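If you want the building blocks of each chain, they are given just below.
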Amino acid sequence: MNYTLHMGLWSNVFAVPAILVDQYLKLAGKEQLQVLLWMLRHGGEPVSPEVLAQELGTTLDNILDALDYWAQEGLLACQGENLSPAPTVQAVSPNVSAPAPSQETQLPPKKRLLKPDTHHLAARMGESEEIRFLMQEAETTFGKTISPAMASTLLTICDDYGLPVEVVIMLLHYAKDVGKTGTAYIDSVARDWAASGVFTLEAAENKLQDLDQRRQAWAKVQASAGLPRRSPSKKEEDAAFRWVYEWKFTVEMLSAAYERCVDNTGKFNVSYINKILEGWYKNGIRNLQDLEALDAKKREERESAKSYDIEELERMSFFDLPEEL
């Protein structure tokens, strides 16, 4: 008699690293575990964060947080657009107490610092009431339990970048207001604040006002050009702020510049629109009435030049008439 083991659902399996169960089953959040399990199941297949967000039914910020978490924990290594398993790296413990950077203090490098691991995070929360308050305030602000990656990022912002807790809290509220609560965005803004010397509440308020004006300026440019909702590039953001707050052009004038840009280039071109608006600004053109008057003046000049050319051609033709035979 022959016996056969029918594996059923177990006939199609994939490997899961033991460390995932031994060390991270309790520490990692739901999205982190979902992302890693999905990628293990589809090992070797190229996948974008957008696809992961769609497959797992979550936000892009959550996916980026999860990927960043596993990279920081050492289970994934990122080289360009490729992810691969990586050996666990012992995190270097940040300074327990870091004074606000002075002019001589070296600002955070562009390359990310190694984030504190869960053990160091637990130790810092145990010894610092301010850090505990920051984590609680982050959960209250976002209305959910923050991920280990987010907690690690917030600790890095305080201990390595030198931002005070009250300034970080202002940053978190701004991130929620603009709908960008991912660790990558918060880390990027915090790094910019540290590089810009935003270490006080007054400096943070000024920075937030500037960020809000830039956001409003880009919203006006989007509305004037009918652009889809998206984040602007640094060049687009700077240009929008200049057009709206420095040159003080209205949405109607922005639309007029955009239409002329499209007529000549067939697309939205920041540099081309900037040259149009710069010319109007230097010539005192501030509204549609001024623009219509300028256009009428140019038409008259063209008609006058055209009439002169015709008369000149007729005069030359008169003198160049062939002799009659």
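### Focus on the overall build of the protein chain
Here is step 1 of the chain: Scanning the protein chain for helices and strands turns up 14 helices and two strands.
Here is step 2 of the chain: Of all 325 residues assigned to the protein chain, the portion counted as buried reaches 37%.
Here is step 3 of the chain: If you take every contact in the protein chain between residues at least 6 apart in sequence, the share linking residues at least 24 apart comes to 63%.

### Focus on the nonpolar core
For soluble globular proteins, nonpolar side chains are generally found buried alongside one another.
Here is step 1 of the chain: The biggest cluster of nonpolar side chains holds 35 residues, and the ones touching the most others in it are Leu 154 and Trp 193.
Here is step 2 of the chain: Those elements giving two or more residues to this core turn out to be helix 6 (129-142), helix 7 (148-159), helix 8 (165-177), helix 9 (183-195) and helix 10 (201-225).
Here is step 3 of the chain: Examining the composition of this core, we find that nine residues originate from one element, helix 8, more than from any other.
Here is step 4 of the chain: Excluding residues that lie within four positions of it along the chain, Trp 193 makes contacts with Leu 163, Val 167, Leu 171, Val 198, Ala 204, Lys 207, Leu 208 and Leu 211.

### Some words on the side chain of Thr 183
Here is step 1 of the chain: Here Thr 183 shows up in helix 9.
Here is step 2 of the chain: According to the relative accessible area criterion, Thr 183 is buried, its value standing at 1%.
Here is step 3 of the chain: The residues touching Thr 183, leaving out its near neighbours within four places in the chain, are Asp 65, Asp 68, Ala 149, Met 150 and Thr 153.

### Some points on the layout of surface pockets
Here is step 1 of the chain: Taken as a whole, the second largest pocket spans an internal volume of roughly 880 Å³.
Here is step 2 of the chain: Lining the second largest pocket are 23 residues, with Lys 180, Tyr 185, Ser 231, Pro 232 and Glu 237 positioned closest to its centre.
Here is step 3 of the chain: Taken together, the elements giving at least two residues each to the lining of the second largest pocket come down to helix 9, helix 10 and helix 11 (234-246).
Here is step 4 of the chain: Counting residues per element, the lining of the second largest pocket draws most heavily on helix 10, which supplies nine residues.
Here is step 5 of the chain: Taken together, the residues that form the lining of the second largest pocket break down as eight nonpolar, five polar and ten charged.

### What to know about the pattern of salt bridges
Here is step 1 of the chain: Scanning the entire structure with this criterion turns up twelve salt bridges.
Here is step 2 of the chain: Glu 127 is the partner of Arg 124 in a salt bridge, and the nearest nitrogen-oxygen pair spans 3.1 Å. You can see Arg 124 and its partner Glu 127 sitting in helix 5 (residues 118-127), three residues apart, about one turn around the helix.
Here is step 3 of the chain: What makes Arg 124 buried here is its relative accessible area of 6%.
Here is step 4 of the chain: Look at Glu 127 and you get partly exposed, because its relative accessible area is 48%.
Here is step 5 of the chain: Here Asp 295 and Arg 260 are joined by a salt bridge, their closest N and O atoms 2.6 Å apart. One end of the pair, Asp 295, is in helix 14 (residues 288-319); the other, Arg 260, is in helix 12 (residues 251-265), and 35 residues separate them in sequence.

### Here we look at empty space enclosed by the protein
Here is step 1 of the chain: Under the counting rule described, the total for this entry stands at one cavity of 30 Å³ or more.
Here is step 2 of the chain: Here the largest cavity is characterised by a volume of approximately 30 Å³.
Here is step 3 of the chain: Contributing to the lining of the largest cavity are Val 221, Ser 224, Trp 243, Leu 254, Tyr 258, Phe 268 and Ile 273.
Here is step 4 of the chain: Broken down by secondary-structure element, the contributors of at least two residues to the lining of the largest cavity are helix 10 and helix 12.
Here is step 5 of the chain: When the residues that make up the lining of the largest cavity are grouped by side-chain class, the tally is six nonpolar, one polar and no charged.

Basis of the calculations
Residues numbered from 1 in each chain as written. Predicted model: local features only at pLDDT ≥ 70, side-chain atom pairs only at ≥ 80, totals over all residues. Heavy atoms only, no water. Helix = DSSP H or I, 4+ residues; strand = E, 2+ residues; numbered from the N terminus. Buried < 20%, exposed > 50% of the residue type's maximum accessible area, 1.4 Å probe, protein only. Contact = heavy atoms within 4.5 Å. Core = buried A, V, L, I, M, F, W, Y, C linked by side-chain atoms within 4.5 Å. 1 Å grid on protein atoms, 1.4 Å probe; cavity = no way out; pocket = protein on both sides within 12 Å on 5 of 7 lines; lining within 4 Å. Points joined across faces, edges and corners; volume = space filled by probe spheres on them. Nonpolar A, V, L, I, M, F, W, Y, C, P; charged D, E, K, R; others polar. Salt bridge = Lys/Arg side-chain N within 4 Å of Asp/Glu carboxyl O.

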